[in-house]
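Structure at a glance
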Amino acid sequence: MFEATAQNRRNLKVEGLLRLLFLWMTCMLILPVALILGVLIVRGGPAISWEFLFTQPMNNMTAGGILPALVGTVWLVVVALIASVPVGVAAALYLSEYAPDNRLTRAINLAIINLAGVPSIVHALFGLGAFVIFFRFGTSILAASLTLAVMTLPVVIVATRESLQTVPLAFREACWNMGATRWQTIRKIVLPNSISGILTGVILEVSRTSGETAPIMFTGAAFFLPFLPQGVLDQTMAMSLHLFVISTQVPDVPEHMPFGVALVLISMVLAMNGISIAFRVYLRGRKKW
Amino acid sequence: MPDVAHAADRRDAAWWIDRAVQILVLAGGLSAIVFIAGIFVFITREGAGFVFDRFDFREFFGSPRWTPTSSHNPTYGALALIAGTASVTGLAMLVSVPFSLGAAIYIGEFATGRVRETLKVLVELLAAIPSVVWGFIGLSIMNPLIIQVFDVPVGLNVLNAGVILGLMAAPIMTTIAEDALKAVPDTYREAAEAMGATRWQVTFKVVLPAARNGLVAATLLGVGRGFGETMAVLMASGHSINLPTSPFDSVRALTATIAAELGETAAGSDHYGALFTLGIFLFLVTFAINFAADVFVRGGQRKHRRRGRRPAASANP
């Protein structure tokens, strides 16, 4: 009674073909990157050793290791986190728990979108004009980290807000009905139930911050400094800028070195993102409501 | 809190703490506005001297001669830089818009279960690769490849930077486009399927038109990303001032010019001010792009709210 007509068969055939086409398009986005990663591993892998990671650069950066750049990146990330996480979490709390749907909230949301969308080099100009010159921090870890903090603020805000909003409204209502204030509700109910989601956002921010180059070029990262930073007002080397420097600015660098730096940098970033994703999947599985 | 709760009822410590926190988090929320305004104020402050004293609208937008270091007659024509940015971004979009939309349709409408989750995670990981690594890939992998395949003398050109930028922008565009497809209520799909439409008919005749605004927004954000990308373009585009006539010409982008030259200028000089003026231009253009994208996203959401299923209860009390 319901035999397939020629029309049906044709439709199914078109559907199959389109499905393949879209699958191919998806693969075309992912495969080149997989290939590139392969090349990085093959050509950068031999460069990596304990010595490479934990010694000073030598002979005008054509030999030796990347220790000051690694340590510098850790400094930059930690200071940036200290500056941006409290502000980001507060902003997310406001948007998720307090903000009415009015013009101000829309303006805040638009500002967040724009903070994420403004070119990184414009953030660099801002950091130079504001932190280095106006606030007189000089070219220092502090200025560079604050620039990074402003730039990556949207990452924390968006991740935290999403995490807060997964806590069901009923949880809050139950708490309010017991006579708790908004803040008591947030501290006892909302934050404990969303803290792991906030952590995911922080890990993502670490990943973003450690890879950025342009914002730190003029605010605190140096091409070459053969010693480790002692405090937040020192300049520092950084992994991302080091990759740029030894692959474009310094002559006669042996080929395996920039590949090694690129491999270390990308491994750091992808590992952070991987952890964040694994964490999220685990949490989703564990959720009781 | 409604008015029936008299103010005198509870002004205990908890009440005051609650107030204080409310003000604190409001300050956090306002900080986003403060920062975006601060960016504009501080780059304008550094660029103002140049804008008022030296800036010549016709020269800036009409002349391809960018020779700020010339000792007798420095010129500040940004046309070639704008053309450089536009050509690289244009090629990147040509490559990545169809593929991103295709990938979004596959992930959102065709893939299911584990395949779908895996693809989403992979796309998210792609978006995480730092731009300096992309630039390095352009320099060390794409460059020899282009020289070999197309038999051209230099492989750092519009093609190289365009492909790199396309690969960079694609994950973001895919994610946002997929969100836009997901925002189309299932009732639309169910209604179409009930009429006997096949999956691709549902996708093309119902879902894509309904998600149109979101897809436009995804493309706009991709353009914004390409426009503002710095390190990758600096390293892969060849960085020579040119009005490009073919994909194999080297070009220089607005962003790359700032990154390459700012370190060598004296604060307060014309050259320094000119670079900040490029920054102001970049800021205004990306602001406009993001604003437009936001308007499109908002328009899309409102449409579905009106015609589709009623929205889930908001988390905001």
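Small disclaimer: the values here were computed from a predicted structure and weren't measured. (Residues numbered from 1 in each chain as written. Chains lettered and ligands numbered in written order. Predicted model: local features only at pLDDT ≥ 70, side-chain atom pairs only at ≥ 80, totals over all residues.)

1. Notes on the overall build of chain B
- Scanning chain B from terminus to terminus reveals 12 helices and 2 strands.
- Tracing chain B from N to C terminus, the helices and strands come up as α-α-β-β-α-α-α-α-α-α-α-α-α-α.
- Expressed as a percentage of contacts within chain B between residues at least 6 apart in sequence, the contacts between residues at least 24 apart total 73%. (Helix = DSSP H or I, 4+ residues; strand = E, 2+ residues; numbered from the N terminus. Contact = placed C-beta atoms within 7 Å.)

2. Let's talk about the overall build of chain A
- Counting its regular elements, chain A contains 11 helices and 2 strands.
- Moving toward the C terminus, one meets the helices and strands of chain A in the order α-α-β-β-α-α-α-α-α-α-α-α-α.
- Expected size for 289 residues packed as a compact globule is a radius of gyration near 19 Å; at 24 Å, chain A overshoots this value by more than 25%.
- Along the first, second and third principal axes, the C-alpha atoms of chain A reach 80 × 65 × 35 Å.
- When each of the 289 residues of chain A is scored for burial, the buried share is 49%.
- Residue pairs at least 24 apart in sequence account for 75% of intrachain contacts in chain A once pairs closer than 6 positions are excluded. (Rg over C-alpha atoms; globule rule 2.2 N^0.38 Å. Buried ≥ 20, exposed ≤ 12 C-beta atoms within 10 Å, placed from the backbone.)

3. Topic: the domain arrangement of chain B
- The domains assigned to chain B are domain 1 (14–53) and domain 2 (78–256 + 284–306).
- Between the C-alpha centres of domain 1 of chain B and domain 2 of chain B the distance comes to 31 Å. (Domains from an automatic or database assignment.)

4. What about the packing of helix H3 (residues 67–98) of chain A against helix H6 (residues 141–165) of chain A?
- Across the interface, H3(A) lies against H6(A) with an axial gap of 6 Å and an inter-helix angle of 35°. In this structure, H3(A) crosses over H6(A), and the sense of that crossing is right-handed. (Axes fitted to C-alpha atoms, helices over the stretch in contact; angles between N-to-C directions. Left-handed = near helix turned anticlockwise from the far one by under 90°.)

5. Describing helix H1 (residues 6–44) of chain A
- Under the 1.5 Å per step criterion, the end-to-end length of H1(A) is 56 Å for 39 residues, consistent within 8% with the ideal 57 Å.
- The axis of H1(A) is deflected most strongly, by about 30°, at A:Met28, and proline A:Pro32 appears within four residues downstream.
- For H1(A), every residue scored as buried is listed here: A:Leu18, A:Phe22, A:Met25, A:Thr26, A:Leu29, A:Ile36, A:Leu40 and A:Gly44.
- Close packing links the buried residues of H1(A) with helix H11 (256–286) of chain A together with helix H3 (79–110), helix H4 (113–126), helix H5 (131–150), helix H6 (158–182) and helix H8 (199–210) of chain B. (Expected span 1.5 Å × (residues − 1). Bend = angle between axes of the 7 residues up to and from the residue.)

6. As for helix H1 (residues 13–53) of chain B
- The first and last C-alpha atoms of H1(B) sit 57 Å apart over 41 residues, in line with the 60 Å expected at 1.5 Å per residue.
- Along H1(B), the sharpest change in direction is near 50° and occurs at B:Gly47.

7. Some thoughts on the interface of chain B and chain A
- Tallying the contact residues gives 76 residues for chain B and 74 residues for chain A.
- Taken together, the residues that form the side of chain B that touches chain A break down as 51 nonpolar, 19 polar and 6 charged. (Nonpolar A, V, L, I, M, F, W, Y, C, P; charged D, E, K, R; others polar.)

8. As for the nonpolar core
- One finds A:Leu76, A:Ala262 and B:Ile164 to be the most contacted residues of the largest nonpolar core, which totals 182 residues.
- Of the domains in this structure, domain 1 (14–53) and domain 2 (78–256 + 284–306) of chain B are the two that each give at least three residues to this core.
- What A:Leu76 contacts, discounting residues up to four positions off in sequence, is A:Ile141, A:Ala144, A:Ser145, A:Leu148, A:Thr209, A:Ile216, A:Thr236 and A:Ala238. (Core = buried A, V, L, I, M, F, W, Y, C linked by C-beta atoms within 7 Å.)

9. Quick notes on the environment of A:Val132
Residue and element names in this part refer to chain A.
- Among the secondary structure elements, Val132 is positioned in helix H5 (residues 120–134).
- As for Val132 and Thr219, which are separated by 87 residues in sequence, their C-alpha atoms are 6.4 Å apart.
- If we ignore the near neighbours within four places in the chain, the residues touching Val132 are Gly127, Phe137, Gly138, Thr139, Ala143 and Thr219.

10. Here we look at the packing of H6(B) against helix H9 (residues 212–228) of chain B
Residues and elements named next belong to chain B.
- The contact between H6 and H9 brings their axes to 8 Å, and the two run at 155°. Between H6 and H9, the angle is such that the two are roughly antiparallel. In this structure, H6 crosses over H9, and the sense of that crossing is right-handed. Residues Leu165, Ala169, Ile172, Met173, Ile176, Ala177, Asp179 and Ala180 of H6 form the contact with H9, whose own contacting residues are Gly214, Leu215, Ala217, Ala218, Thr219, Leu221, Gly222, Arg225 and Gly226.
- A breakdown of the residues in the contact of H6 with H9 according to their chemical character gives 11 nonpolar, 4 polar and 2 charged. (Parallel < 35°, antiparallel > 145°, perpendicular 65-115°, else oblique.)

11. A closer look at the confidence of the model for chain B
All names here are of chain B.
- For chain B, the average pLDDT comes to 86, and 91% of its residues sit at 70 or higher.
- Least confident of the elements in chain B is helix H12 (residues 270–307), whose mean pLDDT is 84; most confident is H5, at 93.
- Considering only residues more than four positions removed or in separate chains, one finds that residues 308–317, a stretch of pLDDT under 50, has 13 contacts.
- On the interface metric, ipTM, the complex scores 0.89, and its pTM is 0.89. (pLDDT = per-residue confidence, 0-100.)

12. A short note on unusual backbone geometry
- In this model, A:Arg136 sits at a positive phi of 60°, which is unusual for a non-glycine residue.
- Within the secondary structure, A:Arg136 is located in the loop between H5 and H6.
- Despite not being glycine, B:His239 shows a phi value in the positive range, around 55°.
- Its location among the elements puts B:His239 in the loop between helix H10 (231–236) and helix H11 (254–261).

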